[in-house]
Amino acid sequence: MKRLFSSGLFSSIVTPVLISGFFIVLAASAQAAAPIAKIQEMLAKPPVLCGRFDQAKQLMGIKKPLLSNGRFCVVSGKGVLWRTLQPFPNTLRLKRDEIVQMQGDRVAMRLDAKQEPVVRMINSVMFSLVAGDLSQLESLFDMDGSIQGSTWKVALKARQPALAKAIGTLTLTGGTTVKSVTINEASGDRTEITFSGVQSGVNAMTSEEGAALD
């Protein structure tokens, strides 16, 4: 989490050659954006989405990856609940204005977006990633996508240096929901998260999970 790009600016266009080049760039950008819009149409947008996650984090200099798994829930308008079950219980609750880490009933960490602006940025990214809301990521990332049949793949590169330093580059795959997220951090560490058993609707979330997001 703590390790959770830049479009060129045209200062002037003074010759026909440069003007021509400008429109070529615009055309290329429009072509690049088309797959993203199509992918967004492929994604389901249920108000409640829950499932299992399996995470493998490969640290630089360490052969064996750190493995963990658990459950996640995304509730539109409320936030994301990320409950690690193995190797040890840990709960992360992300809302628009804060990140809270729970160990049992104890609050182990609370980050307020008002005090830590990067928290709001990271929250927005994480919420959009898990929810598969690519439209919310376009302001923060340069995106390149491809579609093959009913599946898709999107590569994201942060526009802002602070976000690039915190997150690195991302690759998402999916269909009607996001199936996997790969994070290549600036430090060289790599995290792969796969989602399975995804359910939507009010019955997808336990009462305990619902209470944790209230």
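Residues numbered from 1 in each chain as written. Predicted model: local features only at pLDDT ≥ 70, side-chain atom pairs only at ≥ 80, totals over all residues. Heavy atoms only, no water.

## Thoughts on the packing of aromatic side chains
For the structure on display, the rule yields four aromatic pairs. With a centroid separation of 5.0 Å and 65° between ring planes, the pair formed by F72 and F195 is classed as edge-to-face. A residue pair is termed long-range when its members are at least 10 positions apart, and F72 in strand β2 (residues 66–75) and F195 in strand β11 (residues 190–200) qualify at 123 residues. Here F72 matches F195 in class, with each residue buried. Pairing W82 with F195 gives two aromatic rings, centres 6.2 Å apart and planes at 85°, and the pair type is edge-to-face. Highlighted residues: W82 in strand β3 (residues 79–86) and F195 in strand β11, separated in sequence by 113 residues. Across the pair, exposure class does not vary: W82 and F195 are buried alike. Here the aromatic residues F53, F72, W82 and F195 are joined through ring pairs into a cluster of three or more. (Phe/Tyr/Trp six-rings, centres within 6.5 Å; stacked < 30°, edge-to-face > 60°. Helix = DSSP H or I, 4+ residues; strand = E, 2+ residues; numbered from the N terminus. Buried < 20%, exposed > 50% of the residue type's maximum accessible area, 1.4 Å probe, protein only.)

## Quick look at the confidence of the model for the protein
In the predicted model, the protein carries a mean pLDDT of 79, and 80% of its residues have values of at least 70. Within the protein, no element has a lower average pLDDT than helix α1 (residues 16–42), which sits at 54, and none a higher one than strand β1 (residues 48–58), at 94. Note on residues 1–32: pLDDT under 50 across the span, and 34 contacts to partners over four residues away in sequence or across chains. (pLDDT = per-residue confidence, 0-100. Contact = heavy atoms within 4.5 Å.)

## Overview of the environment of D144
Structurally, D144 is set in strand β7 (residues 141–148). Since its relative accessible area comes to 51%, D144 is described here as exposed. Distance from D144 to A155, taken between C-alpha atoms, is 5.3 Å for residues 11 residues apart in sequence. Excluding residues that lie within four positions of it along the chain, D144 makes contacts with I36, K153, V154 and A155.

## With respect to the pattern of salt bridges
Tallied over the full model, the rule gives 10 salt bridges. The residue E185 makes a salt bridge to K57 at a minimum N-O spacing of 2.5 Å. Note that E185 is positioned in the loop between β10 (178–184) and β11 and K57 in strand β1, a separation of 128 residues in sequence. In this structure, E185 and K57 share a single accessibility class: buried. Through salt bridges with shared partners, one network takes in R71, R83, E208 and E209. (Salt bridge = Lys/Arg side-chain N within 4 Å of Asp/Glu carboxyl O.)

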